[in-house]
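Here is how the chains run, residue by residue.
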2 protein chains.
Amino acid sequence: MNSWFKTLILRKRDGDVIGEEDWRRFVGALVAGELPDYQVSAFLMAIYFRGMTTEETATLTQAMASSGEQLSLGAGPYVDKHSTGGVGDKVTLVAVPWAAACGARVAKLSGRGLGFTGGTVDKLEAIPGFSCSLTATRLKELADAVGCAIAEARAIAPADKIIYALRDATATVEALPLVVSSILSKKIAGGAPAFVFDVKAGRGAFARDEKRARDLARALVAAAKAAGRRATAVLTAMDQPLGRAVGNGLEVAEAAATLRGEGPGDVLEVSAAVAAEMLVSAGVAGPEGARTRLARALEAGDAFAKLDEMARAQGAPREWRQRLPRAAASANVFAEDGGYVSLLDAFAVARAANALGAGRATKEDEIDPAAGVVLHKKTGDAVSPGDVLMTLHYDDDRRLAEALRYARAAAEVGDRPTSRPAVLEVLR
Amino acid sequence: MNSWFKTLILRKRDGDVIGEEDWRRFVGALVAGELPDYQVSAFLMAIYFRGMTTEETATLTQAMASSGEQLSLGAGPYVDKHSTGGVGDKVTLVAVPWAAACGARVAKLSGRGLGFTGGTVDKLEAIPGFSCSLTATRLKELADAVGCAIAEARAIAPADKIIYALRDATATVEALPLVVSSILSKKIAGGAPAFVFDVKAGRGAFARDEKRARDLARALVAAAKAAGRRATAVLTAMDQPLGRAVGNGLEVAEAAATLRGEGPGDVLEVSAAVAAEMLVSAGVAGPEGARTRLARALEAGDAFAKLDEMARAQGAPREWRQRLPRAAASANVFAEDGGYVSLLDAFAVARAANALGAGRATKEDEIDPAAGVVLHKKTGDAVSPGDVLMTLHYDDDRRLAEALRYARAAAEVGDRPTSRPAVLEVLR
């Protein structure tokens, strides 16, 4: 038992605001292994109930960021983006090269997927030859040379790993200031002076309802600013999957198509909103100028060219698009009734894709980069009985029956067309 | 990580009422070592914030009581009493033999003192030859033969020990339903069908303010009733020490004097209230009849005779009163100003007594049964400059200076006499 920390628990329990020195001491002692788990988890539960001020969150976040390796990017129009995670979320693959094509610079650390949402590293590794194993030095070199580069996050914010493991075991994952400090500490360790948060709301998101997502978006922006960074957030819909492709290789293909002007409208809409905010945050353009630049880069082919350049700089062969993985087999899910798709449950689609091998339940699971689901109808689309709603792509049919069950349960058909925009709000 | 328990934490966090089966499973898994500490402490903090219903408290309490050895007393006018702990609290030594002299039967498990309040076992062991090391069988035999017997609690409610250690480390000691289940589980394991709780309020008590003490008293009575026991509570003042003696041997002498009609008024008042409730709870008398019987037993000498009988049954020699320990040295604290004693801080007096060797800071500390403090003036008493306020009795002078500092700081003299009753309320 740590007596100093017991007093800190008591103070947070009673609603005290904790100062910078104590937050730093907490993170230091935590990483040094000086705090028993049972005290830390009680502290986290007290935070769940009492919350934290923006100042407290920013202070904790900075201490967590300092607990491990930190990138030093120096001067330049660097900007980073972060998504709270969604199904079919390939926005990084679109927005990062697109913003880079317009003058922003992105040296991005990403993670692998766990649970029902995919990770950017898994998606990129579906590209033959593509490597995310870059040192910090190499990441910055490539970002400076190409305009953007993406590496796997490894040694950053070890305090976050310790806290997250305890939150996961103690039903405190949902504590908003802890969500914020977890996300933001890793971004701050990534070294960029400006961030764009893509905060998703809906069935396939961490924040299932829009109010909670908005609270998270506001808290992220406020804490980032309190930590001396520029930040904006884009609130986006995640009731149905984003785009038509769910699965690593399928999503890379869709991202490339989007940058060539051939992608689904919602992927374009969300990616453009995120890329525009990246340009604004990076100080490259104002809100209107950003949109104009992005439109031009798309039309001129510069946006796709930047993705291609990044892929080749990180190890992909010239003809990588033609060599994306393809699954050996496929199965269709058909509409039974006519009408309009009223629901396309992102969470259920994710479970179907994961059953096919597109995701992992534990860190050790192998991923099949070719596996996944392609949606032929999305919410609001008219359907007739017998129409193909979605296609399941797979190499391993051991869990096909399970995947089909999830996929069939994902879609509902109703009488009237309904839809909501993909971008709900921009919070600056 | 235990997944079932994670869900239980989540439910309590969100304010769900947890049912009997889950409470029992919690206690079973806890005692079996199947629940990681870090999950248990988060659960306890969630309880701190969300509370528990009376039903939940009673269910948890019964499961905790069942986690270890339980006494089986069978039919009879058995009744038990419990004090939340105070300074100079020798009520058990008075009320138990007094109630037994009037027909109640008491087979009581008691503890040793830790921190600033003394334990009944420590006090009884100041009597030469007195042993509290009784088996459950021997305790019941003595209680049936004599009317009362007191043994040291050992193997009861192991779940409480685990929970208490975590509460102590995580600032959740104050969670009311956990206080109730800790106290009540040990009483229930003690086997009596009826309880009287002496809940103390003030500077020398766990509950420093009267409202909190009343809440605790109500919660104890409600949970005991929900667990199928009869129960009442007596709310008593603990701003100043109870009686004039603080220290194990000194308190035994004062208890004996009280039962001979020669003790301080407040000890008599509180003990009579507790003993009366014991007779009522045991079904031996109604509230008025109880008072009459107690007065008669005191006058007739039956009350002291019962203490004497119990002492001798548990190993004390015939002339035990003459052989109580006496300290080798003493030191007086004098009044500097004249007026009336306006404050006599029970906590400060306890620290003085402990510095002299009357208490222990850790379980391993040895106690000096002769050490302690005798108060010559109590709150409301008139004093002149130079009057002796209190006398410190000690064998070891290594911490005398410290004890004198505490003792001098304990008393304040003011202009007007103030006092409040020792018994604040009876809650049935």
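Throughout this document, residue positions are counted from 1 along each chain, in the order its sequence is written. By the order in which they are written, chains take letters starting at A while ligands take numbers starting at 1. Local features in this predicted model are restricted to residues of pLDDT 70 or higher, and side-chain atom pairs are both shown and tallied only at a pLDDT of 80 or more, whereas totals for entire chains, interfaces and linings draw on every residue. Think of the side-chain values as coming from all heavy atoms in the structure, minus any hydrogens and water.

Undergrad: Summarise the overall build of chain A; cite the residues concerned and give the values.
TA: Within chain A, the secondary structure is distributed over 16 helices and 13 strands. Here the globule rule is a power law, 2.2 Å times the number of residues to the power 0.38, and the radius of gyration is based on C-alpha atoms. Over its C-alpha atoms chain A spans a radius of gyration of 22 Å, differing by no more than 12% from the 22 Å that the globule rule assigns to 428 residues. For chain A, the spread of C-alpha atoms along the principal axes amounts to about 65 × 45 × 40 Å. Contacts are assigned to residue pairs that have any heavy atoms within 4.5 Å of one another. Long-range contacts, defined here as pairs at least 24 residues apart, represent 79% of the contacts in chain A between residues at least 6 apart. Within chain A, one finds 53 positive and 53 negative side-chain charges whose respective centroids are separated by 3 Å. Per the convention used, a helix needs a DSSP run of H or I reaching at least four residues, while a strand needs a run of E reaching at least two, with both numbered from the N terminus. For the purpose of counting charges, residues Lys and Arg are taken to be positive, whereas Asp and Glu are taken to be negative. His and the chain ends are not included. Think of each charge as sitting on NZ of Lys, CZ of Arg, CG of Asp or CD of Glu.

Undergrad: How would you explain the sheet that holds strand β7 (residues 329–334) of chain A if you had to name every residue and give the values?
TA: All names here are of chain A. Only strands that DSSP links by at least two bridges are regarded as paired with each other. Taken in spatial order, the four strands of this open sheet run β6-β9-β11-β7, and their pairing is antiparallel. Whereas interior strands pair on both sides, the edge strands pair on one side only; in this sheet they are β6 (245–246) and β7. Two elements, β6 and strand β9 (residues 372–375), share two bridges in a ladder whose sense is antiparallel. Bridge pairing in β9 places valine 246 opposite valine 373.

Undergrad: Before we move on, could you go through helix α7 (residues 136–146) of chain A and cite the residues and values that matter?
TA: All names here are of chain A. The set of residues buried in α7 consists of Leu139, Leu142, Ala143 and Val146. Each buried residue of α7 sits inside an arc of 100 degrees when the element is viewed along its axis, so together they form one side. Set apart from the buried face of α7 by more than 90 degrees, the exposed residues are Thr137 and Ala145. Trailing α7 by a residue or two, glycine 147 shows a phi angle of about 115 degrees, which is positive. Buried residues are those whose accessible area, probed at 1.4 Å on protein chains only, stays under 20% of the maximum for their type, while exposed residues exceed 50% and partly exposed ones sit between those limits. The arc in question is formed by the directions pointing from the helix axis toward the C-beta atoms.

Undergrad: How would you explain the relation of the copies chain B and chain A if you had to name every residue and give the values?
TA: The copies were overlaid by least squares, fitting only the C-alpha atoms of residues that reach a pLDDT of 70 or more in each copy. Rotating chain B by 179 degrees and moving it 0.1 Å along the rotation axis overlays it on chain A with an RMSD of 0.1 Å. On the angle and the small slide along the axis, the relation comes out as a two-fold axis. Residue tyrosine 38 of chain B, judged by its C-alpha, is the member of chain B lying nearest the rotation axis, at 1.9 Å. In this assembly, 100% of the residues forming the interface of chain B have copies in chain A that are likewise at the interface, indicating an isologous arrangement.

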